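Inside the fold
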Amino acid sequence: MAKCPNCGRHLTIFNVSQFCPQCKVNMRFFNFEENFLREAKYAELSQAVVHCKIKNLKAAFIGSPLTIARLCVMLLPLLCLLLPAAKISVNLPFKPVNEPLNALGVYSMFSSGAVNLIMQLQRSSVYWQEFSSIYNAMFGFAAVAVFAVAVLLTSILCFLSCKNMQKITCAVSAAGILSCLFSYVLIIKAAKVAATAGIVDFEKSFGIFIVAAAFAVVFAVNFILSKKGIKVEYDEGMQERSAIYKKVKSGEVKIDALPQPVVQTEETRKIDEEIALEHEKLRIALEKKAAGSEETGENADG
C-alpha cells in the first residue's frame, strides 16, 4: 500500500489527489529536486557502464587486425572437422556401415543407428576388440569436436575480458591439439585391429592433421594477441564513473553523497561555463531592467 513520502500516512484507493489528506503536501513534487539529482547521477553512471561495455565489444572484435584475424580463424577447427580422419566400413549382411570419420559421417552414423549398433557389437564375444577400437576412435574424434566448439565459444565471448579470454582460447587450442594427437593414436590402434579382422575395414586419412594445424593457427593468433594486448580507448571519465557505479551497486558508496556531475570532465566543464555565462547574461539583463525601471520612476516624479 502506498504512503505519503512526508508524513508516512498510508493511502487508500480513494486518495486520488496528489495532495496528502493529512499533511497537505504535494506528493508528486515532494523532494523533486533531490530525486531529480539522484536520477541524474544514476543516469550518468549507468551510461558510463554501457559506454565501457560497447568500447570493450568493439575493441575485442574489430579493434585491430589481430582481433579481426581471430574472428576469421575461430571457425577453422570446426570447418576442418568436415575432412575425413578415417574411413569406417563394417561388412554386416543386413546393415552395412560405410562412412568417413568426419563431422558429417558421425552425424550420419548417429541418425542411422550405426553408433548404437557398434556399441552393441563391442559387447560381442567374437568381434568385441574390433568394434571397441572403432568406438574408441569415434570417442577421440568427438573429443576433438568438443574442443573445436569450445574455441568458437571462447572466441565469440572474447569481449567478456580483453585481458584473459585470449589466454583461455590459447589453453583450449592447446588442449585441442593434444586431443588430435590422442585421437590419431586411437585411429592407428583401430586400423591395426581392423587389419586382422575380415568384418571391419578401418583406413586412416589426413583430416586429423588438418584439424591440429587449425588449432595451431588459432593458438598462434591468440598467443600474439595476448602478448600485444588489446587497447581499449574510453572517453574521458567513463572508467571512473563505471568504477563508482560498481561501488554504488555494492553499497560501498551512497549515491546521495556524490556530487553532480559525479566526475568532472572537459565536456562537463564546458557545460558549467555555458551555464555560468547564461547566468551572467541573465543577471546583467535584470540589472538593466531594474535600472530602466528606476529611471522611469524618476522621470514620472519629475
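Residues numbered from 1 in each chain as written. Predicted model: local features only at pLDDT ≥ 70, side-chain atom pairs only at ≥ 80, totals over all residues. Heavy atoms only, no water.

Bringing the overall build of the chain into the picture now. A count of helical and extended segments in the chain gives 10 helices and 3 strands. In sequence order, the chain lays out its α and β elements as α-α-α-β-β-α-α-α-α-β-α-α-α. In terms of overall size, the chain is more extended than a compact globule, its C-alpha atoms giving a radius of gyration of 36 Å where 302 residues would be expected to give roughly 19 Å. For the chain, the spread of C-alpha atoms along the principal axes amounts to about 130 × 55 × 30 Å. Among the 302 residues that make up the chain, the fraction classed as buried is 34%. Accessible surface computed for the chain: about 18700 Å², of which carbon and sulfur atoms make up 62%. Positive and negative side-chain charges of the chain, numbering 32 and 26 respectively, have mean locations separated by a distance of 15 Å. (Helix = DSSP H or I, 4+ residues; strand = E, 2+ residues; numbered from the N terminus. Rg over C-alpha atoms; globule rule 2.2 N^0.38 Å. Buried < 20%, exposed > 50% of the residue type's maximum accessible area, 1.4 Å probe, protein only. Areas by Shrake-Rupley, 256 points an atom, 1.4 Å probe, with all protein chains shown as cover. Lys, Arg positive; Asp, Glu negative; His and termini not counted. Charge placed at Lys NZ, Arg CZ, Asp CG, Glu CD.)

Our focus in this paragraph is the packing of aromatic side chains. Inspection of the entire model under this criterion finds 4 aromatic pairs. Geometrically, the ring pair formed by Phe 219 and Phe 223 is stacked, given 5.9 Å between the ring centres and 10 degrees between the ring planes. Note that Phe 219 and Phe 223 are positioned in helix α8 (residues 207-228) at a spacing of 4 residues, about one turn of the helix. With a relative accessible area of 39%, Phe 223 lands in the partly exposed category. (Phe/Tyr/Trp six-rings, centres within 6.5 Å; stacked < 30°, edge-to-face > 60°.)

A contiguous patch of negative charge, built from Asp 272, Glu 273, Glu 274 and Glu 278, is present on the exposed surface. Relative to the helices and strands, Glu 274 resides in helix α10 (residues 266-301). (Patch = residues over 30% accessible without salt bridge, like charges linked within 9 Å, V, L, I, M, F, W, Y side chains within 5 Å. Salt bridge = Lys/Arg side-chain N within 4 Å of Asp/Glu carboxyl O.)

To continue, consider a nonpolar patch on the surface. A surface patch of nonpolar side chains, amounting to about 430 Å² of accessible area, comprises Phe 29, Phe 32, Phe 36 and Leu 37. The topology assignment puts Phe 29 in the segment before α1 (32-62).

What follows covers the side chain of Ser 89. Relative to the helices and strands, Ser 89 is located in strand β1 (residues 86-90). A residue is classified by how much of its surface remains accessible, and Ser 89, at 12% relative accessible area, is buried. In this structure the side chain of Ser 89 is engaged in a polar contact, spanning 3.2 Å, whose partner is the side chain of Asn 98. The contact partners of Ser 89, leaving out residues within four places of it in the chain, are Val 97, Asn 98, Ile 199, Val 200 and Asp 201. (Polar contact = N/O pair within 3.5 Å; in protein donor to acceptor, adjacent residues only side chain to side chain. Contact = heavy atoms within 4.5 Å.)

Here we take up the nonpolar core. Within the largest apolar cluster, 38 residues are counted, with the highest numbers of intra-cluster contacts made by Ile 88, Leu 101, Met 109, Ile 134, Met 138 and Phe 202. Counting residues per element, the ones that place at least two in this core are β1, α4 (103-112), α5 (114-121), α6 (128-156), α7 (165-195), β3 (200-204) and α8. If one sorts the elements of this core by residue count, α6 sits on top with 8 residues. Ranked by size, the runner-up nonpolar core spans 9 residues in total, among them Ala 60, Met 165, Ile 230 and Val 232. (Core = buried A, V, L, I, M, F, W, Y, C linked by side-chain atoms within 4.5 Å.)

Taken in spatial order, the 3 strands make up an open sheet running β2-β1-β3, and their pairing is antiparallel. The open sheet has two edge strands with one neighbour each: β2 (97-100) and β3. Sheet twist, expressed as the mean angle between neighbouring strand axes with direction ignored, is 5 degrees. Relative to β2, β1 runs antiparallel, the two being bridged by 4 bridges. Within β2, the position partnered with Ser 89 by the bridge is Asn 98. Here α4 sits on the sheet and contacts β1 and β2; the angle it forms with β2, its principal contact strand, is near 150 degrees. Packed on one face of the sheet, α7 meets β1 and β3 and runs near 140 degrees to β3. (Pairing = 2+ DSSP bridges. Axes fitted to C-alpha atoms, helices over the stretch in contact; angles between N-to-C directions.)

On to the packing of α1 against helix α9 (residues 238-250), then. It is at 8 Å that the axes of α1 and α9 come closest, and there the two elements cross at 115 degrees. Between α1 and α9 lies a crossing of left-handed hand. Judged by residue contacts, Tyr 42, Glu 44, Leu 45, Ser 46, Ala 48, Val 49, His 51 and Cys 52 of α1 engage Met 238, Gln 239, Arg 241, Ser 242, Ile 244, Tyr 245 and Val 248 from α9. Taken together, the residues of the contact of α1 with α9 sort by class into 9 nonpolar, 4 polar and 2 charged. (Left-handed = near helix turned anticlockwise from the far one by under 90°. Nonpolar A, V, L, I, M, F, W, Y, C, P; charged D, E, K, R; others polar.)

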